[in-house]
Amino acid sequence: MPGRWRRGRGLRRRVIVWLRIACAAGLMGGICAGGPATADEQSTPLPPEPSASAYRENGSQIGDYLAGRYAHARGDYAAASQHLQRVLDTDPDNPALLRRTVTLLAAEGRIEDAAAFAQRLVEVASGARLAPFLLGLQDARGGDYAGALDRIDAIDREGVYSLLLPLAEGWLHAGAGADAAALAALAPLAERDAYRPFYLLHAGLMHDLAGRDAEAEALLREAVAISGGSHRPVAALGSVLMRAGRAVEARAVYSEYRAQNPENIWVERALAAADAGMSLPPLVHDARGGLAEALLGTAAALPQRDNGDAALIYARLALFLHGELDPARYLIGEILEETERLEAAVDAYRSIPAGSDYAWAAQLRAAADLTDLDRHDEAIAALHAMIDERPERIDAASALGDVFRMDERYDEAADAYDVAIGRIAAVEYRHWRLFYVRGIAFERLGEWPEAEADFMRALELEPDQPLVLNYLGYSWVEQGRNLEDAKTMIEKAVELRPDDGYIVDSLGWVAYRLGDFEEAVYQLELAVELVPGDPIINDHLGDAYWQVGRLNEARFQWQRVLTLEPEDELAAQVRRKLANGLSAGAEADDAE
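Residues numbered from 1 in each chain as written. Predicted model: local features only at pLDDT ≥ 70, side-chain atom pairs only at ≥ 80, totals over all residues. Heavy atoms only, no water.

**A word on the overall build of the protein**
At step 1: Of the regular secondary structure elements, the protein holds 33 helices and zero strands.
At step 2: Within the protein, buried positions represent 56% of all 592 residues.
At step 3: In the protein, the share of contacts with a sequence separation of at least 24, taken over all contacts with a separation of at least 6, comes to 60%.
At step 4: Element-wise, carbon and sulfur atoms account for 49% of the exposed surface of the protein, whose accessible area totals about 23800 Å². (Helix = DSSP H or I, 4+ residues; strand = E, 2+ residues; numbered from the N terminus. Buried < 20%, exposed > 50% of the residue type's maximum accessible area, 1.4 Å probe, protein only. Contact = heavy atoms within 4.5 Å. Areas by Shrake-Rupley, 256 points an atom, 1.4 Å probe, with all protein chains shown as cover.)

Next comes the structure, spelled out in structure tokens:
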């Protein structure tokens, strides 16, 4: 295979993304609470530097402070909190350090330890939000709902707390036996479009808990309708219907959800229960569970990359209140994964018990993270076990094929994809990707007829899929076949994904192959702007510059290729071109 062959570029990241998309849990379905960037927005991202006297009075204090900053920046919250606690030993009433220590300990899941520092913080400073909120949750966990309400009463209702405080107050009133006050606390959420799904879900859960089935059903049906794919309202409504002996109606609710989320294993189990006429437990059993559900929903609603600390803290607090809340464990894994703390994410996923509705998705996510950590043998072993465990499912086999393909073990990748495709009961449009990736494996193995058939099958299922259009079109270009059809395909792919530098490169290269070198230069310059660090795109641009007589620029591009860690074969080709230029004979040799 010539070194300039480029279709595998960018696939490693896509493999990881696909592994994760395959097992998305859909906790809140895209609802956004619009919260602050941290759990306590008055906290600075890092504490202020100790005073100059710290250098003189205690040389280790500044060392611990700097070590804490470094550990925090690396996402090592355990080490960061440890170092900051040492600084607090010498400056125990520093509000900024106390705030940050509470945040770090809570994000790490050490809620009891965080509470001790939170108590100190509320005694020495005003205006903190996380500290009194955390202490209120600690009271609620112990059954002191009135004390919890007193704790959180003075917290400003800004940012995420404009959502979280009404939810918390509602469930605390419910815990204290004041149903009317509970629903009244939730009422302001009904007036804001972004918060209305939370109102509907939690008001429905409160009515369910109080035995008011008709009110619960009406609210939960509306919640299902507007919650954008979240399965929590579906689970709550289905449970209400199942416990009322209305399994047929519950099955209809579950079936509609499955149509939108066909790989979700939770809904499969719910459907099996409906078919068996079994009753399913309520989503919330008591006020403490409702409060945990509120924290879970808030955490899931926060954009995780921008609000990682806040989302992680609220998920940890949900688990603190309800230690068996597996969706909180799953969400913690997602948040850690999104913020690139993959080792911790794997641990979070593995903490979910094997019998949980979330265990299967968690195992798939853990395998994706292990792959990203280059622990491929562990991922492969886990996926093999999953394939044997659930012989009717295709996702583990597909994920295994992806890992093998990333390792360039194309024979094994093709075999794994064969297993996945063989398990499909009825081929649907969503299965296009399986044929596409098996086609890639076949093409890499030199089995072009099989590869071409799979690409064509993928396009039958998803005619405008840009990845398939690009791959098949580029393959034809490299083979010198169907060039006009290839150009049409790649033009369509670019139209669909104009910011994908690899696909734009394909369009430039088909122009090159057709002898339209000026057009090739135009497209390849765009491609280099989109993906400046790709050696093959830069090589293509160098070739196009040579063909239009821009020889110095061609040599510059080829020199640049050698700085971008090209594969050995491409590097050898580029050195020949730097020595001899792009003669017709050299070009023919490189194309073979």
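**Some details on the nonpolar core**
At step 1: In terms of nonpolar packing, the biggest core is built from 106 residues, with Phe133, Trp171, Tyr254, Leu295, Tyr314 and Leu317 touching the most fellow members.
At step 2: No other element matches helix 17 (residues 308-321), which puts eleven residues into this core.
At step 3: Excluding its chain neighbours within four sequence positions, the residues that come into contact with Tyr254 are Val234, Gly238, Ser239, Met242, Trp266, Val267, Ala270, Leu271, Ala274 and Leu280.
At step 4: Ile265, Leu383, Val403 and Val574 belong to the second-largest nonpolar core, a separate cluster that totals 79 residues. (Core = buried A, V, L, I, M, F, W, Y, C linked by side-chain atoms within 4.5 Å.)

**Topic: the packing of aromatic side chains**
What describes a pair of aromatic rings is the distance from one ring centre to the other and the angle between the planes of the rings.
At step 1: The final tally for this structure, using the stated rule, is 13 aromatic pairs.
At step 2: Among the aromatic residues, ring-to-ring pairing joins Trp432, Tyr436, Trp448, Phe455 and Tyr471 into one connected group.
At step 3: Geometry around Phe320 places Arg141 over its ring, the cationic atom sitting 4.3 Å from the centre.
At step 4: The ring of Trp360 carries Arg390 above its face, with NZ or CZ at 5.8 Å from the centroid. (Phe/Tyr/Trp six-rings, centres within 6.5 Å; stacked < 30°, edge-to-face > 60°. Lys NZ or Arg CZ within 6 Å of the ring centre and 35° of its normal.)

**Considerations on unusual backbone geometry**
At step 1: With a phi angle near 65 degrees, Glu340 is a residue other than glycine that sits in the positive phi range.
At step 2: Inspection of the secondary structure puts Glu340 in the loop between helix 18 (326-338) and helix 19 (342-350).
At step 3: Using a relative accessible area of 61% as the deciding quantity, one classes Glu340 as exposed.
At step 4: One non-glycine residue, Glu408, lies in positive phi territory at about 60 degrees.
At step 5: Considering the arrangement of structural elements, one finds Glu408 in the loop between helix 22 (395-406) and helix 23 (410-422).
At step 6: Given the relative accessible area of 53%, Glu408 is considered exposed.

**Considerations on the environment of Leu514**
At step 1: Within the element layout of this structure, Leu514 appears in the loop between helix 28 (501-513) and helix 29 (517-530).
At step 2: Taking the C-alpha atoms as reference points, Leu514 and Val477, 37 residues apart in sequence, are found 8.9 Å from one another.
At step 3: With residues up to four places along the chain from it excluded, the contact list for Leu514 reads Leu483, Glu484 and Lys487.

**Remarks on the packing of helix 7 (residues 130-141) against helix 8 (residues 145-152)**
A pair of packed helices can be characterised by two numbers: the angle between their axes and the separation between those axes.
At step 1: Close contact between helix 7 and helix 8 brings their axes to 7 Å; oriented N to C, the two are set at 175 degrees. One element, helix 7, and the other, helix 8, form an angle in the roughly antiparallel class. Across the interface between the two elements, Pro132, Phe133, Leu135, Gly136, Asp139 and Ala140 from helix 7 touch Tyr145, Gly147, Ala148, Arg151 and Ile152 from helix 8.
At step 2: Of the residues contributing to the contact of helix 7 with helix 8, the split by class is seven nonpolar, two polar and two charged. (Axes fitted to C-alpha atoms, helices over the stretch in contact; angles between N-to-C directions. Parallel < 35°, antiparallel > 145°, perpendicular 65-115°, else oblique. Nonpolar A, V, L, I, M, F, W, Y, C, P; charged D, E, K, R; others polar.)

**Some thoughts on a negative patch on the surface**
At step 1: On the surface, Glu484, Asp485, Glu491, Asp516, Glu518 and Glu519 cluster together into a patch of negative charge.
At step 2: Only helix 27 (483-496) and helix 29 provide two or more residues apiece to the negative patch.
At step 3: Broken down by element, the residue count for the negative patch peaks at three residues, all from helix 27.
At step 4: For Glu518, the position within the fold is in helix 29. (Patch = residues over 30% accessible without salt bridge, like charges linked within 9 Å, V, L, I, M, F, W, Y side chains within 5 Å. Salt bridge = Lys/Arg side-chain N within 4 Å of Asp/Glu carboxyl O. Lys, Arg positive; Asp, Glu negative; His and termini not counted. Charge placed at Lys NZ, Arg CZ, Asp CG, Glu CD.)

**Some remarks on the pattern of salt bridges**
At step 1: Evaluation of the coordinates by the stated rule reveals 45 salt bridges.
At step 2: Taking the shortest distance from any N to any O, the salt bridge between Arg221 and Glu217 comes out at 3.0 Å. A residue pair is termed a helical-turn pair when its members lie 3 or 4 positions apart in one helix, as Arg221 and Glu217 do in helix 12 (residues 213-226) at four residues.
At step 3: We classify Arg221 as partly exposed; its relative accessible area is 35%.
At step 4: Given the relative accessible area of 15%, Glu217 is considered buried.

**Some details on helix 13 (residues 231-243)**
At step 1: With 13 residues, helix 13 should cover 18 Å at 1.5 Å per step; its first-to-last C-alpha distance of 18 Å lies within 8% of that length.
At step 2: The buried count for helix 13 comes to twelve of 13 residues, which makes it a mostly enclosed element.
At step 3: Burial in helix 13 covers these residues: His231, Arg232, Pro233, Val234, Ala235, Ala236, Leu237, Gly238, Ser239, Val240, Leu241 and Met242.
At step 4: Capping of helix 13 at its N-terminal end is provided by Ser230; its side-chain oxygen lies 3.2 Å from the backbone amide nitrogen of Arg232.
At step 5: Two residues or fewer after helix 13 comes Gly245, characterised by a positive phi angle close to 80 degrees. (Expected span 1.5 Å × (residues − 1). Polar contact = N/O pair within 3.5 Å; in protein donor to acceptor, adjacent residues only side chain to side chain.)

**Focus: the confidence of the model for the protein**
Reading predicted coordinates in detail is not appropriate for stretches of low pLDDT.
At step 1: With 83% of its residues at a pLDDT of at least 70, the protein reaches an overall mean of 86.
At step 2: Below pLDDT 50 for its whole length, residues 1-14 participates in 61 contacts with residues either more than four positions away or in separate chains.
At step 3: Ignoring residues within four places in sequence, the model shows residues 21-59, a span with pLDDT below 50, making 100 contacts including any to other chains. (pLDDT = per-residue confidence, 0-100.)

**Let's talk about the side chain of His207**
At step 1: Counting through the fold element by element, His207 comes out in helix 11 (residues 196-209).
At step 2: Take His207: its relative accessible area is 11%, and that puts it in the buried class.
At step 3: Polar side-chain contacts of His207 include one of 2.7 Å to the side chain of Arg212.
At step 4: Non-local contacts of His207, meaning those with residues more than four positions away in its chain, are made with Leu183, Arg212, Glu215, Ala216 and Leu219.

**Here we look at the environment of Arg196**
At step 1: Along the chain, the position of Arg196 falls in helix 11.
At step 2: Among all residues touching Arg196, those that are not within four sequence positions of it are Leu189, Ala190, Glu222 and Ile226.

**Some details on the packing of helix 5 (residues 95-108) against helix 6 (residues 111-124)**
At step 1: Here helix 5 crosses helix 6 at 155 degrees, and the two axes come no closer than 8 Å. Judged on the interaxial angle alone, helix 6 and helix 5 are roughly antiparallel. The chirality of how helix 5 crosses helix 6 is left-handed. Residues Pro95, Leu98, Arg99, Thr101, Val102, Leu105 and Ala106 of helix 5 pack against Ile111, Asp113, Ala114, Phe117, Ala118, Arg120, Leu121 and Val124 of helix 6. (Left-handed = near helix turned anticlockwise from the far one by under 90°.)

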